[in-house]
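# Chain and residue survey
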Amino acid sequence: MTIKEIKVGMASCGLAAGAESIYTALQDALPKEIKLSKTACIGFCYAEPMVEVIDEEGKSHHYGYLQLRDVSAFAKNEPPEKKLLLSQVHDAPGNKKLARQVKIATRNSGLIDPDKIDEYVARDGYEALKKVCTQMEAQAVIDEIKKSGLRGRGGAGFSTGLKWQFAKDAPGDKKYIICNADEGDPGAFMDRNLLESDPHSILEGMAICAFAIGADEAYIYCRAEYPLAVRRLNKAISDAMEKGYLGENIFGSDFSLHIRVKLGAGAFVCGEETALIASIEGLRGMPRLRPPFPAQSGLWGKPTNNNNVETYANIAWIINHGAEAYASYGIGKSRGTKVFALAGKIKESGLIEVPMGTTLREIIFDIAGGIKDDRPFKAVQLGGPSGGCVPEELLDTPVDYESITKIGAIMGSGGMVVMDDTTCMVNIASFFLNFTQNESCGKCTFCRIGSKRMLEILLKIQAGKAVLDDIEKLEELAEQIIASSLCGLGKSAPNPVLSTLCYFKDEYLAHIEEKKCPAFVCRDLVDYKIDEEACTGCTLCALKCPVKAIEGSLKKPHRIDQDLCISCGVCYEVCRFNAVNRK
Amino acid sequence: MHILLNHKKVSCHEGQTILEVARENGISIPTLCHESELNAYGSCWVCSVKLEGTPGFVTSCGTKVSDGMSVITDSPEVKKARKTALELLLSDHYADCEAPCKIACPDHVDIQTYVSLIANGKFKEAVEVIKNNLPLPMSVGRVCPAFCEMECRRTLVDEPIAIRQLKRCAGDLEIDTDWYFVHNKKEDKGKKVAIVGAGPAGLTAGYYLSTEGYQVDIFESSPQAGGWLRYGIPEYRLPKAVLDREIEIMCKNGMNIHYKKKMGKDIFLAELSKDYDAVFMAIGAQLPSPMRAKNADIEGCLLGVDYLRAVAMDEAPNIGKKVAIVGAGDVAIDCARTALRSGADVSLLYRRTRTEMPAEKYEVDAAEEEGVKLQFLVNPVEMIDMDGKLDKVIIEKMKLGGPDESGRRRPEATGKTYEEHYDSIIAAISQKVDISWHEDEKNKVKHELKLSKWNTAESDEETMHWSDNVFAGGDFRLGPATAIEAVADGKIAAISIDRFLRGEIMASTPQFNSRKSDKIKDMDPEEFAEIPRKDRLKARKLSIKERELNDKEVEIVFEQDKASEEANRCLECGCMVNTSCLLRDYSTEYGASQDHFSGELTKHPIDDTHPFILRDANKCINCGRCIRICAEVQGPAVLGYIYRGFASVVGPEFGEKLEDTVCTTCGKCIEVCPTGALLPKTKNYKNNPSYFSYRDTRCTQCGAACYITLQEEGDTVLRVDAKEGNTFNGLDLCYKGRFDWQNLDLQYAAESLNELDVPADTVMNISPAMSNDTIQSAIDYAKARGLKTVSCELRDDPCQAYANLADLKNAEVLVLVGELNQMIKAKAKSLQLKGAKLIVVNDTDNRFNRLADADLCELSALEIEEDVKTVFIYNREDLSLDQKNDIKKLMSTLDHSTAWVNSNYLNTRGMEAFDIESVDELNTKHAIVFGKTPDNLSADKIYRLPLRPFRVEGSVVNDFGEEIIL
């Protein structure tokens, strides 16, 4: 093969895996005729660091799991065959992984260098904004978005066109728009990758929105934990200003827009729009009563439109390709595509974009290759801490707003955490509840104290100290918290508990009635014992035991001192003779 | 528009909240976080209501009505949601509504209150508080085992407060004087109550029932009243004279005691039940349990109760020289010490050891001190007589075995015995009820009078109701117990008999009580680590020599000033606002339990650094009212939420102490707090949660004359609050009105002018804080003596258009010039919220300024359109005459402008009507000054007359030109 170009994936996950040093090494090693460039998220997180190689025919080949010693092979035009993930990523209809994906929001991810505005422009960038500014009326833009069926990709799924309409119709000559980039769900990284990989698509989407509702100032509220995204956003904003895509009189029109990036301080609840607005205003991020909705009275009391990153990323595509093209994807009331971040016990974790209506089974088994180590699938958690756990029997559920809600989960922003049989569902419920409980702003009684009391009950169950009545109390509290909270955080905090109680009640009962954790996760309920006949006295377990609870001399059977043992399971993991039993 | 409120159509208008509409229609919805001055917040969720056709609940404070909306406010699910909200709040409410001493007391005497009164030197008031529950403080103050002291939290610092001694100290005021306290007797109710037994239970019930207006007849089998107090407690512990006086006082409200009337012999229950509207059986438990030894019925073998009774009746038997007492309870100790006083050599024989002795430790120690020989692990098993009279006792040695149900170790016989000579042996093992009358037909009523297996009355412990119109309590219900427990039964009986006779339900709804812990042993002493130690005051006792082992009372009452000092050790555990706390009231109303959702508690140190505001975050429910009022109306924005989730708490930023913030001490946060998390501190005075009265008056601290409500303990002001209701100052007061009066430490030369004789060269200084009446009498006094009359405090003001309250209300623009007090700023802010434009002109960096629409440094920068209604607000003493003239000039250019000229003195406008010379400075030999001496007055000798805050009398004219008669 003759290599024409090598693109190194340099989003956060690539950088974390060592993409920077691969890039530097390639820079030194590659002959001049091979072009070296940077791009951002290619989507295969599991295989980072990775590169895309473009051959003399313009075909593309992806190589992953790269190490520094692989660099010289590329220089010799002999890429390591073993590390080839797939060929012709963007035009390979036969590839199962790619065939099911449709890239709209992520249309440029992994293809362009996010720091180069020209590369964005080369792929029709800012064409839509130009069209809007020069050829369209504001109402026509809104009508087009309404027609596309696009719904808020932050999780709530409210019609984007309608939301814009409210803000447009609200009286007032000063209006704001906000891009909510305060992505905070554990296991979710869609927004980060969009911001890092294609910041201009978000700026363009925001500018079109501002044009449509009549705003001239915008904020991107981005979490401070995303430094790369913030850097690229700021660069993108200044490049766009320089080119005249932002700033005064855009494309010669009367429309002007200034966008600022505002850093969040790490409060999950600031993803809630009224809390986010309070935070931009310099107040403590706490949700407030609605109405008035931000469309009437938002930032500094002015009409404000707030959308999520992914929502904005779709806008330019819709304007360019038409609402019908967008609406041709999806099912029912859920149109278009959705980006998901796959994580957990899954073979090929990463970022995918699929049409609405793709089933969970297709996503997990066809696109992501199934469960790690081919263990049995147990559940997939959708929608982050506010979501729910879906069991195997519901894997054929299509992913759309209505279907997902019906089975007790939520679409959320697109996080999917896959779990196998080593996961304890009570533990998962308490993990997520602990998260929301800590992130409660502290305002509403039910969320602040109720979720804490629920968590305490879960911990009691995990410690084997609960009674059956505790389940009733859990359900009672869950119901009350959902019914009596001001914002989405509180209203959805009990979801992980309710959905696990619904689909995995037997695990709860095992903890309570039999004092057993079927997944051997809850330490208080697991005992480890050495089978003295099987033990060869290799001493490995005794060496690894963190609390020195294992005694025994070389080639003699070992014993665990149960008073010292903390049930961490290290001995079980390391024993090569299956001599450690657990129950 | 209309909405359906609990399916009933009611009219309302756009913009109203459900809460407002419900209130207008007489439907009460609880709320903790709602603050009417501010926008709805919706944090407590106690005001939940259901909107039909929507899932979940909504806050009624935060939901605006819409036409046709159907609201349910009183369904079981709504009530459950509110109860759950309350229970969640309570599960993290680390606070005591009532002091643990009061809860520990069987009779729930309001100890914290009377202790505080004693600390303040108000002993008579203390007696009144004690007598609200306990009409025999002198007797109980001598004999009570003090359950209260066992739960006293001060124990975790050093030692408990000497509560029993303090009670006695107050109670003893009634000895040897004509003074006594009884409650005012209510109107005669025309009904009769019979009480059987004149012991503590019967006397207590009789006292309260006679006070309530019932005719009370007590039937007592003995020749005198007092029951066990008289016939069981020896003279050296409770002198009969004291008891006589106490009974005499209790009878002042008209109860009659009929002596020598024995149940089943002279009186019969069937008859009493018929002749009287109600009967209270308080016959006690005075029948001694017999000795279990062989041959114990010979001469020389006595029973403790009989012995004590005989001594009390001056019929003491001859017990000889060498006496054994059997038992280890209080009765045994009383017998031993009484026998000692007859000159005998006394041994006390007990089957177990000192540790297991049930008697009060201090009693045991006193007995031993006086010479009683304590012998442990011994048990008399047989009496040997000589000529029918006791000669020797066979005593078995015992050893301790395993613990019994009570936790005490069980004595076990060893089989080893020895003999000992005694002249007499007195067994004081236990007492039981005499029920010999119970089976007699003459003592039966319609329904069964149930007895327990111990032959005690099985009457209801909440009401004392036994059967038909018969009630029973005291030792007759409890078995042998303490005086205070009998008193408690008597008090309960009185309440429920009163309810019974009025035809009401007897049992009362239990009041909610938040508790830090049920028992002191569950408290962490670390919480009290900061409190300085101070030793408990010990009552002096007669020395053994002084006692002369006769009937002299051994324990000597505290001296009053020492008692006050001891009372000042009280930690004031009970919440000061436990009678006005919304959280407590709602919790009672909804039957909420503190334990239903029990879990981790967040404990916070109490912030006591601020001189006037006490902040106890443990009581905070995160409603945010204080935060919002401070930031959005008052300006300083001192408070905020800290942390997230369950740990979130209200406090100054970075966890600073309140004292270290920019707090302006306006006290509005206290006013809006729905619990006791923010409380006013009363300097140099011990406050209490219940003994006070309210007085509505006007604040005398400046010319605004705000409407206030005083909380007063007699003549002493404890707390100043804005008067509830629709007044011009609303909930606002300034620092001066709410707190600063406590800083005045005034010593007067005379109480009135009449008492004053001054030299002829004395200058009379008139203060604009004086009423017109006082000014007139001062002028008259000066004129009669030819004294010069001046004022060092009156400042000229050129204003020609004073504002009245209507001008203020209708103002379109408010211009605040210079420094003003917090009440005025908050008033202006509330007018701004109603639509007025607020402009501040000052050169200070004032946090209130950020709330204004315009913040100017100079008056010259001010631009106002001619035709808007403008009110200038300034303080007459703060601005210079030039500045005031500038304002006057500016006002003359406007069509509708007036000025609210605030004065630091109550009656500046009134005083202007008198022609008094105003001076900038006064140096003189002699001066008469009312109230505080002005800074610009100096004299060799000052004759000072009182001008006390909130006690101005006569007519005054406030800033708005209104005449007020105080």
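Parameters at a glance
- Residues numbered from 1 in each chain as written.
- Chains lettered and ligands numbered in written order.
- Predicted model: local features only at pLDDT ≥ 70, side-chain atom pairs only at ≥ 80, totals over all residues.
- Heavy atoms only, no water.
- Helix = DSSP H or I, 4+ residues; strand = E, 2+ residues; numbered from the N terminus.
- Rg over C-alpha atoms; globule rule 2.2 N^0.38 Å.
- Buried < 20%, exposed > 50% of the residue type's maximum accessible area, 1.4 Å probe, protein only.
- Areas by Shrake-Rupley, 256 points an atom, 1.4 Å probe, with all protein chains shown as cover.
- Lys, Arg positive; Asp, Glu negative; His and termini not counted.
- Charge placed at Lys NZ, Arg CZ, Asp CG, Glu CD.
- Expected span 1.5 Å × (residues − 1).
- Contact = heavy atoms within 4.5 Å.
- Salt bridge = Lys/Arg side-chain N within 4 Å of Asp/Glu carboxyl O.
- Polar contact = N/O pair within 3.5 Å; in protein donor to acceptor, adjacent residues only side chain to side chain.
- Nonpolar A, V, L, I, M, F, W, Y, C, P; charged D, E, K, R; others polar.
- Pairing = 2+ DSSP bridges.
- Core = buried A, V, L, I, M, F, W, Y, C linked by side-chain atoms within 4.5 Å.
- Phe/Tyr/Trp six-rings, centres within 6.5 Å; stacked < 30°, edge-to-face > 60°.
- Lys NZ or Arg CZ within 6 Å of the ring centre and 35° of its normal.
- Axes fitted to C-alpha atoms, helices over the stretch in contact; angles between N-to-C directions.
- pLDDT = per-residue confidence, 0-100.
- Disulfide = S-S within 2.5 Å.
- Arc of directions from axis to C-beta.
- Domains from an automatic or database assignment.
- Buried area = accessible area lost by both parts, 1.4 Å probe.

## Things to note about the overall build of chain A
A tally of helices and strands in chain A yields 24 helices and 20 strands. Taken against the 2.2 N^0.38 rule, which gives 25 Å for 583 residues, the C-alpha radius of gyration of chain A at 26 Å falls within 12% of a compact globule. Taken over the C-alpha atoms alone, chain A extends approximately 85 × 65 × 40 Å along its principal axes. Taking all 583 residues of chain A together, 61% fall into the buried category. For chain A, the accessible surface area stands at approximately 22500 Å², while carbon and sulfur atoms represent 50% of it. Across chain A, the 70 positively charged side chains and the 77 negatively charged ones have centroids separated by 3 Å.

## A few points about helix α10 (residues 199-213) of chain A
An α-helix turns once per 3.6 residues; consequently, residues spaced three or four apart project the same way. Residue and element names in this part refer to chain A. With 15 residues, α10 extends 21 Å from end C-alpha to end C-alpha; this agrees with the ideal 21 Å at 1.5 Å per step. Summarising burial for α10: 15 of the 15 residues are buried, a large majority. Phi turns positive one or two residues past the end of α10, at Gly 214, with a value near 90°.

## Some words on the interface of chain B and chain A
Contact with chain B, which involves 33 residues of that partner, is made by 30 residues of chain A. At the junction of chain B with chain A, the criterion picks out 1 salt bridge. Linking Lys452(A) and Glu600(B) is a salt bridge whose minimum nitrogen-to-oxygen distance equals 2.8 Å. Between the two partners, chain B and chain A, sit 18 residue pairs in polar contact (both at pLDDT 80 or more). The set of elements that each furnish at least two residues to the side of chain B that touches chain A consists of α2 (76-91) and β23 (639-642) of chain B. For the side of chain B that touches chain A, a count of residues per class yields 15 nonpolar, 14 polar and 4 charged.

## Considerations on the pattern of salt bridges
Enumeration according to the criterion identifies 90 salt bridges over all chains in this entry. Three or more residues are tied together by salt bridges with common partners; here these are Arg237(B), Asp334(B), Arg337(B), Arg341(B), Glu363(B), Glu369(B), Glu370(B) and Arg547(B).

## Comments concerning the pairing of strand β24 (residues 649-652) of chain B
All names here are of chain B. Pairing of β23 with β24, which is carried by 4 bridges, proceeds in the antiparallel orientation. Following the sheet pairing, Leu 639 is matched in β24 by Pro 652. In textbook terms, the turn of a hairpin is the stretch between consecutive antiparallel strands, and for β23 and β24 this stretch comprises 6 residues, one of which, Tyr 643, has a positive phi near 65°.

## Side note on the nonpolar core
Residues and elements named next belong to chain B. Core analysis: the largest hydrophobic core is formed by 104 residues, its most contacted members being Ile 111, Tyr 114, Ile 118, Phe 280, Ile 325, Leu 348 and Ile 497. Examining the composition of this core, we find that 8 residues originate from one element, helix α17 (residues 483-502), more than from any other. Ranked by size, the runner-up nonpolar core spans 80 residues in total, among them Phe 512, Tyr 590, Cys 669 and Ala 677.

## Regarding the packing of aromatic side chains
All chains considered together, the criterion is met by 28 aromatic pairs over all chains. Summarising the aromatic geometry, the rings of Tyr126(A) and Tyr245(A) are spaced 4.2 Å apart at their centres and angled 20° between planes, so their arrangement reads as stacked. One end of the pair, Tyr126(A), is in the loop between α5 (117-122) and α6 (127-135); the other, Tyr245(A), is in the loop between α11 (227-243) and β8 (258-264), and 119 residues separate them in sequence. One exposure class covers both Tyr126(A) and Tyr245(A), and it is buried. On the basis of an interplanar angle of 45° and a centroid distance of 4.9 Å, the ring pair of Trp900(B) and Phe960(B) is categorised as tilted. Of this pair, Trp900(B) sits in strand β35 (residues 897-902) while Phe960(B) sits in the loop between β39 (955-957) and β40 (963-965), and the two are 60 residues apart along the sequence. Through pairs of rings, three or more aromatic residues link up here, namely Tyr120(A), Tyr126(A), Tyr245(A) and Phe251(A). In this arrangement the basic side chain of Lys38(A) is found over the ring face of Tyr23(A), its NZ or CZ atom lying 5.1 Å from the centre.

## Examining unusual backbone geometry
All names here are of chain A. Of note, the bond from Glu 48 into Pro 49 is cis; its omega dihedral lies within 30 degrees of zero at -5°. Relative to the helices and strands, Pro 49 resides in the loop between β2 (35-39) and β3 (51-55). Cis geometry marks the peptide bond from Pro 291 to Pro 292; its omega dihedral reads 5°. Phi at Asn 77 takes a positive value of approximately 60°, unusual for a residue other than glycine. Relative to the helices and strands, Asn 77 resides in the loop between α3 (71-75) and β5 (84-87). Since its relative accessible area comes to 25%, Asn 77 is described here as partly exposed. Despite not being glycine, Asp 373 has its phi angle at roughly 55°, a positive value. Relative to the helices and strands, Asp 373 resides in the loop between α15 (360-367) and β14 (377-382).

## Topic: the packing of helix α18 (residues 445-462) of chain A against helix α22 (residues 505-514) of chain A
All names here are of chain A. Where α18 meets α22, the axes come as close as 8 Å, and the angle between the chain directions of the two elements is 65°. Packed against α18, whose contacting residues are Leu 458, Ile 461 and Gln 462, the element α22 presents Tyr 508, His 511 and Ile 512 at the interface. Residue composition of the contact of α18 with α22, by class: 4 nonpolar, 2 polar and no charged.

## Side note on the confidence of the model for chain A
Confidence in the prediction for chain A averages 94 pLDDT; 98% of positions are at 70 or higher. Ranking the elements of chain A by mean pLDDT puts helix α4 (residues 96-99) of chain A last with 72 and α10(A) first with 98.

## Things to note about the state of the cysteines
The bond known as a disulfide is covalent and runs between the sulfur atoms of two cysteines. Residue and element names in this part refer to chain B. One pass over the structure, following the stated rule, counts 0 disulfides over all chains. Of the cysteine sulfurs around Cys 144, a residue in no disulfide, the closest is that of Cys 148, at 6.2 Å. With no disulfide of its own, Cys 301 has Cys 335 as its nearest cysteine by sulfur position, at a separation of 14 Å. Residue classification places Cys 301 among the buried residues on the basis of a relative accessible area of 15%.

## Quick look at the confidence of the model for chain B
For chain B, mean pLDDT is 94; residues scoring 70 or higher make up 100% of the total. Listed scores for the predicted complex are pTM 0.92 and ipTM 0.92.

## Side note on the sheet that holds strand β9 (residues 278-281) of chain B
Residue and element names in this part refer to chain B. With mixed pairing, 6 strands are arranged side by side in an open sheet as β8-β7-β6-β9-β21-β20. Two strands bound the open sheet, and with one partner strand each, they are β8 (256-258) and β20 (465-467). Put simply, the sheet's adjacent strands are angled 25° from each other on average, direction ignored. Where β9 meets strand β21 (residues 470-472), 3 bridges bridge the pair, whose relative direction is parallel. Bridge pairing in β21 links Val 279 to Val 470.

## Remarks on helix α27 (residues 881-892) of chain B
All names here are of chain B. Over its 12 residues, α27 runs 17 Å from end to end, which matches the ideal 16 Å to within 8%, given 1.5 Å per residue. Those residues of α27 not exposed but buried are Lys 884, Ile 887 and Met 891. In an axial view of α27, the angular spread of the buried residues amounts to 55°, which keeps them on one side of the axis. Exposed and facing more than 90 degrees away from the buried side of α27 are Asp 882, Lys 889 and Ser 892. Tucked into the core, α27 has its buried residues touching β31 (813-817), β34 (870-875) and β35.

## Topic: the side chain of Asn578(B)
If you trace the backbone, Asn578(B) turns up in the loop between α19 (560-567) and α20 (582-589). Classification of Asn578(B) by relative accessible area gives buried; the value is 5%.

## Here's the deal with the domain arrangement of chain A
Residue and element names in this part refer to chain A. Segmenting chain A into domains produces domain 1 (3-93), domain 2 (117-325), domain 3 (334-420), domain 4 (425-513) and domain 5 (527-582). Taking the mean C-alpha position of each, domain 1 and domain 3 sit 29 Å from one another. Each partner contributes residues to the interface: domain 1 has 5 residues there, and domain 3 has 5 residues. Buried area between domain 1 and domain 3, both sides added, is near 370 Å², and the carbon and sulfur share of it is 60%. The largest per-residue losses of area from domain 1 upon contact with domain 3 belong to Gly 43, Cys 45 and Tyr 46, which jointly make up 88% of the total buried on that side. In this assembly, domain 1 and domain 3 are joined by 0 salt bridges.

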